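What the coordinates show
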Amino acid sequence: GPANVTGGSRHLFQRAPVVPQLTSVAPNVLMATEAPPPEEAVRPPTPPVKEVGTQSDFRESEAQTDPYTPDYVVQPGSNPELLTLASLAWGQGLPATMAEVDLIERARARRRFETELPDISEDPKKWRAMMEEQQMRELKEREDNIQKLQEQRLELLREAMYKREQENEFVSLKRLESLKERWATKLERNHESMRRLRVKQIRKLSKARTMVGIDVIKPRNIIEDYSNPVSEIYAPLQRGGRRIDRDAVKFETSYLDRMNLDGVRALESSLPRSMFEVKIQKPTLSRHKSSLETRKASQMEADLNKVEEMIAMSRDKSKQVDSFDDLAAYRKAPIVVRPKTPVLAGDARTESQDEASSAAIFMQKLLRGRAAQLAMLAGKERRLQLIKEVRTAEMMPSEEELRAEGDR
């Protein structure tokens, strides 16, 4: 039941003090107010749920919901201008920006124009003029809006292009940095290899410098000794104590000239029998031949058949051997002798006529040669300036000659 406002439930009945302040609300709009509390505060029953308008000073700002607008009451017969903003809500036009302010101002101008517009039946000319002016004004405003939108889009496009250029420049710089690092690493590696090679060569030179005047014993190259006919194997040095004809007595054969038949027989009987018998072993052929052996055998058989055919054709005199000559296409062709020019039986020319014909032909050659010479001289006269210029360029000293003269 009702109880006095005391105890732990007292905070449910606390209210903020009413402080007078200036607001933008028109005076003809009265906000809904609650009835004054009774003289004796009676605790109302606690509702099961809270209303939207329930606000508390203890609520944190992070958990604050959309601003709450209380209900309003319009006086009869009044049409406040504030009601034109009823379509605006938090996040949808509120808090108001310059765009919303422009919309409000245009709406005010539109309402002002509608109040000032006369009736069409009373003054049609003035009505038409005002309507045309209003239409032109609205068209101008629309064009301005379109221009603003285009400028905004252009600005966004510029920002996007600038951002893309910055990203491309960043990528290019990264690529250049990577290339620079790569080439720097390669250059450093080359320098390091050159430095190691230089140290190695310096060590070799220093070691060779210390070995000057000291006989170095080189290891023997047996293949080079036996392949070189002037080596010590074939021509040893006498100062080494070796003789060229050392142990030549073992190979002495002069006593064979003084040997008789009995001595030859005794020598033959002293030699083993295997030295006088020739043994030829027939090679064993394998039953399984490889592909290479098969190809070689087939090629050999084909060559043998061709040679046999050529021998058979050479025996047969009636057939030509040239048809089997592989080098016939590369041999020199026989010289073809041009036959004599035939002469008609009735065209018997005398010796004097032949001499006159030869003289006429010689005169024609002289005239043609002279005509060609005159044409060449005429061309030379026409191009005389060019010829002089070319000769002048040829007579000028070259760069090497000028450099040699400068060195002198």
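Remember, predicted model here, so these are calculated numbers, not experimental data.

1. Re the overall build of the protein chain
Looking only at helices and strands, one finds eight helices and four strands in the protein chain. Helices and strands appear in the protein chain in the N-to-C order β-β-β-β-α-α-α-α-α-α-α-α. Carbon and sulfur atoms form 57% of the exposed surface of the protein chain, whose accessible area is close to 39,800 Å².

2. Some points on the packing of helix α1 (residues 98-116) against helix α2 (residues 124-210)
For the pair α1 and α2, interaxial distance at closest approach is 11 Å and the crossing angle is 170°. One element, α1, and the other, α2, form an angle in the roughly antiparallel class. Contacts between α1 and α2 involve R106, R110, F113 and E116 on the former and, on the latter, M130, M131, Q134, E138, E141 and N145.

3. Quick word on a nonpolar patch on the surface
A cluster of nonpolar side chains, L173, L176, L179 and W183, forms an exposed patch at the surface whose accessible area comes to about 420 Å². Here L179 is to be found in helix α2. A relative accessible area of 32% places L179 in the partly exposed class.

4. Let's talk about the pattern of salt bridges
In total, this model carries 11 salt bridges according to the counting rule given. With a shortest N-O distance of 3.7 Å, E105 and R108 are connected by a salt bridge. One end of the pair is E105 and the other is R108, both in helix α1 and three residues apart, which spans about a single turn. D144 is the salt-bridge partner of K140, the closest N and O atoms lying 3.1 Å from each other. Here the residue K140 and the residue D144 both occupy positions in helix α2, the gap between them amounting to four residues, near one helical turn.

5. Things to note about a negative patch on the surface
Negative charge collects at one region of the surface, where E399, E400, E401 and E405 lie side by side. Looking at the element boundaries, E401 is found in helix α8 (residues 399-407). Taking the relative accessible area as the measure of exposure, E401 reaches 45% and is therefore partly exposed.

6. Quick word on the confidence of the model for the protein chain
In the predicted model, the protein chain carries a mean pLDDT of 78, and 73% of its residues have values of at least 70. No element of the protein chain has a lower mean pLDDT than strand β1 (residues 29-31), which averages 50, and none a higher one than α2, which averages 91.

7. A short note on the side chain of S231
Within the secondary structure layout, S231 lies in the loop between α3 (222-227) and α4 (261-270). In this structure the side chain of S231 is engaged in a polar contact, spanning 2.5 Å, whose partner is the backbone oxygen of D225. One polar contact links the side chain of S231 to the main-chain carbonyl oxygen of N228, over a distance of 3.0 Å.

8. Re the side chain of E100
In this structure, E100 sits in helix α1. Buried charge without a salt bridge: E100, with R106 as the nearest opposite-charge side chain at an N-O distance of 9.7 Å. Within the local environment of E100, its side chain forms a polar contact with the side chain of T97, the two groups lying 2.3 Å apart.

How each quantity is defined
Residues numbered from 1 in each chain as written. Predicted model: local features only at pLDDT ≥ 70, side-chain atom pairs only at ≥ 80, totals over all residues. Heavy atoms only, no water. Helix = DSSP H or I, 4+ residues; strand = E, 2+ residues; numbered from the N terminus. Areas by Shrake-Rupley, 256 points an atom, 1.4 Å probe, with all protein chains shown as cover. Axes fitted to C-alpha atoms, helices over the stretch in contact; angles between N-to-C directions. Parallel < 35°, antiparallel > 145°, perpendicular 65-115°, else oblique. Contact = heavy atoms within 4.5 Å. Patch = residues over 30% accessible without salt bridge, like charges linked within 9 Å, V, L, I, M, F, W, Y side chains within 5 Å. Salt bridge = Lys/Arg side-chain N within 4 Å of Asp/Glu carboxyl O. Buried < 20%, exposed > 50% of the residue type's maximum accessible area, 1.4 Å probe, protein only. Lys, Arg positive; Asp, Glu negative; His and termini not counted. Charge placed at Lys NZ, Arg CZ, Asp CG, Glu CD. pLDDT = per-residue confidence, 0-100. Polar contact = N/O pair within 3.5 Å; in protein donor to acceptor, adjacent residues only side chain to side chain.

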